[in-house]
Amino acid sequence: MIIEALSVFPEVFEGYMSASIMGRAQRAGLVEFRSHDLRDWTHDRHRTVDDEPYGGGAGMLMKVPPIAEAVAALSSTPGEPSPHVVFFTPSGAPFTQRAAERLAACDRILFVCGRYEGIDERAYALADERISIGDFVLTGGELAALVVTDAVVRLIPGALGDEMSNRDESFSTEEGGGLLEYAQYTRPAEFEGAGVPEVLLSGDHARVAAWRRRDAIERTCRWRPDLIETAALTAEERAWAREYIESSEKGV
Ligand code: SAM
């Protein structure tokens, strides 16, 4: 898999992408990450990538020509598949684990990172999709590109080292069923009077699995009831979840 970022600050990716799991996945040849300087596709002395918005207003906008030239050049690198092109913008589709799972199936992804007041609207014609990482405004798309890259890379088989780690994590549509993850504990068994659920110390794998499933459903009902409708639940679990949510709403 190849993941690329087009940015006016290509150096910001270096530290994060060379550390820990991101670095290891690259050294293992599971993913190749490249960052490109958008200014390499400018043709003036000042390497200009932005200009004033038509109609006036504060700030500067990223111009279309360097972005269009860069995307065209990066889409036709010999011997490589053309990339799935993602633009980052607060107006994009909210990023989810489901989107990460979909992107993890791509051979090559190109992230286009905005800056300043954003990007000339016409550049979005080059996008296969637009993604937002949340209802807030960042200074640039680089952090969004790192967030999405991290979520995608950890889904590549072998990236985490332990294949099980991804399976029942929060939001995972695999074994997690789209729920929040159950509560987890490690040593010590007692900390300042707070213990660990007895079942987790029992060594009884079936009871542990049943407790975790029930805890995942309960936590999802409590903190993210919006996820329950689309979660993969049995009819019995769904009835229990609905009852839980209704009784919480009534303050029972
Ligand atoms: N004027 C724009 C607006 O109000 O929608 C915000 C521009 S923002 C300051 C500059 C760039 O940061 C955007 O072009 C985008 O690439 C990136 N960005 C900011 N917030 C983001 C978010 N929530 N998700 C994804 N990208 C974001």
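Residues numbered from 1 in each chain as written. Predicted model: local features only at pLDDT ≥ 70, side-chain atom pairs only at ≥ 80, totals over all residues. Heavy atoms only, no water.

Caption draft 1: Region of the structure containing the overall build of the protein chain. Broken down by element type, the protein chain carries seven helices and seven strands. Seen in sequence order, the protein chain has helices and strands lined up from the N terminus as β-α-α-β-β-β-α-β-α-β-β-α-α-α. Scaling as 2.2 N^0.38, a compact globule of 252 residues should have a C-alpha radius of gyration of about 18 Å, whereas the protein chain reaches 22 Å, well beyond that. With the C-alpha coordinates of the protein chain rotated into their principal frame, the extents come out at 70 × 45 × 40 Å. Evaluated residue by residue, the protein chain yields a buried proportion of 41% over its 252 residues. Sequence separation of 24 or more characterises 69% of the internal contacts of the protein chain that already satisfy a separation of 6 or more. Entry remark: accessible area of the protein chain is about 14300 Å², with carbon and sulfur atoms responsible for 52%. Charge centroids of the protein chain, computed over 26 positive and 42 negative side chains, lie 1 Å from each other. (Helix = DSSP H or I, 4+ residues; strand = E, 2+ residues; numbered from the N terminus. Rg over C-alpha atoms; globule rule 2.2 N^0.38 Å. Buried < 20%, exposed > 50% of the residue type's maximum accessible area, 1.4 Å probe, protein only. Contact = heavy atoms within 4.5 Å. Areas by Shrake-Rupley, 256 points an atom, 1.4 Å probe, with all protein chains shown as cover. Lys, Arg positive; Asp, Glu negative; His and termini not counted. Charge placed at Lys NZ, Arg CZ, Asp CG, Glu CD.)

Caption draft 2: Highlighting the domain arrangement of the protein chain. Along its sequence, the protein chain is organised into domain 1 (2-153) and domain 2 (167-252). Here domain 1 and domain 2 have C-alpha centroids that lie 36 Å from each other. (Domains from an automatic or database assignment.)

Caption draft 3: The arrangement of the site of the ligand in detail. Around the ligand, the structure places 19 residues, and the nearest of them are F88, G114, E117, F136 and L138. In the environment of the ligand, a nitrogen atom lies 2.8 Å from a nitrogen or oxygen atom belonging to the backbone of E117. F136 places a main-chain nitrogen or oxygen 2.8 Å from a nitrogen atom of the ligand. Summarising the interface, the protein chains cover 84% of the accessible area of the ligand, which totals 580 Å² for the free molecule. Contributions of two or more residues to the shell around the ligand are made by β5 (84-94) and β7 (129-132). At three residues, the largest contribution of residues to the shell around the ligand is made by β5. When its residues are assigned to classes, the shell around the ligand shows nine nonpolar, eight polar and two charged. (Near = heavy atom within 4 Å. Polar contact = N/O pair within 3.5 Å; in protein donor to acceptor, adjacent residues only side chain to side chain. Nonpolar A, V, L, I, M, F, W, Y, C, P; charged D, E, K, R; others polar.)

Caption draft 4: Structural detail: unusual backbone geometry. Cis geometry is adopted by the peptide bond preceding P188, which originates at R187 and carries an omega value of 5°. Examined against the element boundaries, P188 turns out to sit in the loop between α5 (142-153) and α6 (205-223). For Y116, which is not a glycine, the phi torsion comes out positive at approximately 55°. By the secondary structure assignment, Y116 is in the loop between β6 (108-112) and β7. Exposure remark for Y116: the relative accessible area of 33% places this residue in the partly exposed category. For E192, which is not a glycine, the phi torsion comes out positive at approximately 45°. Note on placement: E192 falls in the loop between α5 and α6.

Caption draft 5: Up close: a nonpolar patch on the surface. A cluster of nonpolar side chains, F136, L138 and L143, forms an exposed patch at the surface whose accessible area comes to about 280 Å². For F136, the location among the structural elements is in the loop between β7 and α5. Exposure remark for F136: the relative accessible area of 44% places this residue in the partly exposed category. (Patch = residues over 30% accessible without salt bridge, like charges linked within 9 Å, V, L, I, M, F, W, Y side chains within 5 Å. Salt bridge = Lys/Arg side-chain N within 4 Å of Asp/Glu carboxyl O.)

Caption draft 6: The arrangement of the confidence of the model for the protein chain in detail. With 98% of its residues at a pLDDT of at least 70, the protein chain reaches an overall mean of 96. For the protein chain, per-element mean pLDDT is lowest for helix α7 (residues 235-249), which scores 95, and highest for β6, which scores 99. (pLDDT = per-residue confidence, 0-100.)

Caption draft 7: Region of interest: the packing of aromatic side chains. Throughout the structure, instances matching the rule amount to four aromatic pairs. Judged by centre distance (5.5 Å) and plane angle (45°), the ring pair of F13 and F33 falls under tilted. Of this pair, F13 sits in the loop between β1 (2-7) and α1 (14-18) while F33 sits in strand β2 (residues 32-37), and the two are 20 residues apart along the sequence. For F33, a relative accessible area of 14% translates into the label buried. Arranged with centres 5.3 Å apart and planes meeting at 55°, the rings of F87 and Y124 form a pair that is tilted. You can see F87 sitting in strand β5 and its partner Y124 sitting in the loop between β6 and β7, a full 37 residues away along the chain. Take F87 and Y124: they sit in the same class, and that class is buried. (Phe/Tyr/Trp six-rings, centres within 6.5 Å; stacked < 30°, edge-to-face > 60°.)

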